[in-house]
Amino acid sequence: QTVRWHIELQPWASPTPSLNYEASRFLKYISTSQISCEHTNLNSLKGFSETAKKPWSVCLDERFSLIHRIRSKQCRLYSLGLGNDDNQFELSMANSGCEVHRFDPSIKSAHIQEGRHLWYHRLSIDWRDPNPAIAAHKLHSNTKKLGTVLNEFGHQKIDVLKADVESAEWKILENLILEDVVEQIGQLVFEVHIHWPGFEVSGNDSTVVRYWYSLLRELELKDFRLFHTYKDLSKPQMFLKKEAFNASSCYTLSWVNTRWK
């Protein structure tokens, strides 16, 4: 199997590169469900208390594996965050019997177990592993790629990957696609930020939006389907540092891997 270094970029949305056309295509794409999911709310599961502050939606329809794995107490959630105190979704998944691993570089200890099903790890998930040749990295090598963590933990699959990583999501998603790690994931629930290009994403505005769109189309090619989209109106209404296109700076998107029956 050949290693891919770059994702395939989709053709431009218009004959000549245009931010208006790219933005219009991208925003329509992230606002349109591709598959319907009847049951997306954890309220239906036992042990769920009060609603989470954000709509972290998972697909609990019978035709997909998650609800069956929850019932058989075999599900696994990885949650990537940065000092976020809203852990209601993680608690509810743990209360329903899922094994929950929360990765957050701001916690006090390397590993903390809370209750039977919830672990906190002082790890930051990144799109690259630290360079062992750099001494400073050796001292603080608590940054790893998701594929590396899966190998170290001995986990073959993640039923749900939730990410709220303040604009690192684009490069992390790219890494998951390029290394085929995404195929080990049943559902993705990502907060995407579009008020600036994101960490280490370069190019002019239309190039950036084309890249974002191409990344999400790669998910579709790997049989992921968007089933829930939420435009966060509590966040600044910004698109690449401009008040434009009636866009929010932040959307919460949920995909299900339709190969996982």
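With an unreviewed UniProt entry as reference, the chain is termed MET24 protein, source organism Machaerirhynchus nigripectus.

Caption draft 1: Seen up close, the layout of surface pockets. Approximately 220 Å³ is the volume attributed to the largest pocket. If you trace the largest pocket, you find it lined by V3, R4, W5, W127, R128, K145, K171, E174, N175, L178 and E179. Among the elements that make up the lining of the largest pocket, the one with the highest residue count is helix α6 (residues 169-178) (4 residues). By residue class, the composition of the lining of the largest pocket is 4 nonpolar, 1 polar and 6 charged.

Caption draft 2: Just the state of the cysteines, in detail. The full count for this structure, using the stated rule, is 2 disulfides. The disulfide partner of C37 is C59, and the gap between their sulfur atoms is 2.0 Å. Looking down the S-S bond of the C37 and C59 bridge, the torsion is 105 degrees, so its handedness is right-handed. In this pair, C37 sits in the loop between α1 (19-30) and α2 (65-71) while C59 sits in the loop between α1 and α2, placing the two residues 22 residues apart along the sequence. Judged by relative accessible area, which is 0%, C59 ranks as buried. A disulfide bridge connects C75 with C98, and the sulfur atoms are separated by 1.6 Å. For the disulfide bridge between C75 and C98, the dihedral angle about the S-S bond is near -110 degrees, and by the sign convention the bridge is left-handed. Taken together, the residues span a long stretch of sequence, with C75 in the loop between α2 and β1 (76-81) and C98 in the loop between α3 (88-95) and β2 (99-103) at a distance of 23 residues.

Caption draft 3: Just the confidence of the model for the chain, in detail. Mean pLDDT over the chain: 90, with 89% of residues reaching 70 or higher. Within the model, the stretch residues 47-52 combines pLDDT values under 50 with 10 contacts to residues more than four positions away or in other chains.

Caption draft 4: Layout of the nonpolar core. The biggest cluster of nonpolar side chains holds 51 residues, and the ones touching the most others in it are F26, W170, L188, W212 and F239. With 8 residues, helix α7 (residues 205-221) is the single largest residue contributor to this core. If we skip the residues at most four places from it in the chain, W212 touches F26, W170, H193, I194, W196, P197, F239 and L240. Core analysis: the next-biggest nonpolar cluster, separate from the first, contains 19 residues, W56, L66, F89 and C98 among them.

Conventions adopted
Residues numbered from 1 in each chain as written. Predicted model: local features only at pLDDT ≥ 70, side-chain atom pairs only at ≥ 80, totals over all residues. Heavy atoms only, no water. 1 Å grid on protein atoms, 1.4 Å probe; cavity = no way out; pocket = protein on both sides within 12 Å on 5 of 7 lines; lining within 4 Å. Points joined across faces, edges and corners; volume = space filled by probe spheres on them. Helix = DSSP H or I, 4+ residues; strand = E, 2+ residues; numbered from the N terminus. Nonpolar A, V, L, I, M, F, W, Y, C, P; charged D, E, K, R; others polar. Disulfide = S-S within 2.5 Å. Buried < 20%, exposed > 50% of the residue type's maximum accessible area, 1.4 Å probe, protein only. pLDDT = per-residue confidence, 0-100. Contact = heavy atoms within 4.5 Å. Core = buried A, V, L, I, M, F, W, Y, C linked by side-chain atoms within 4.5 Å.

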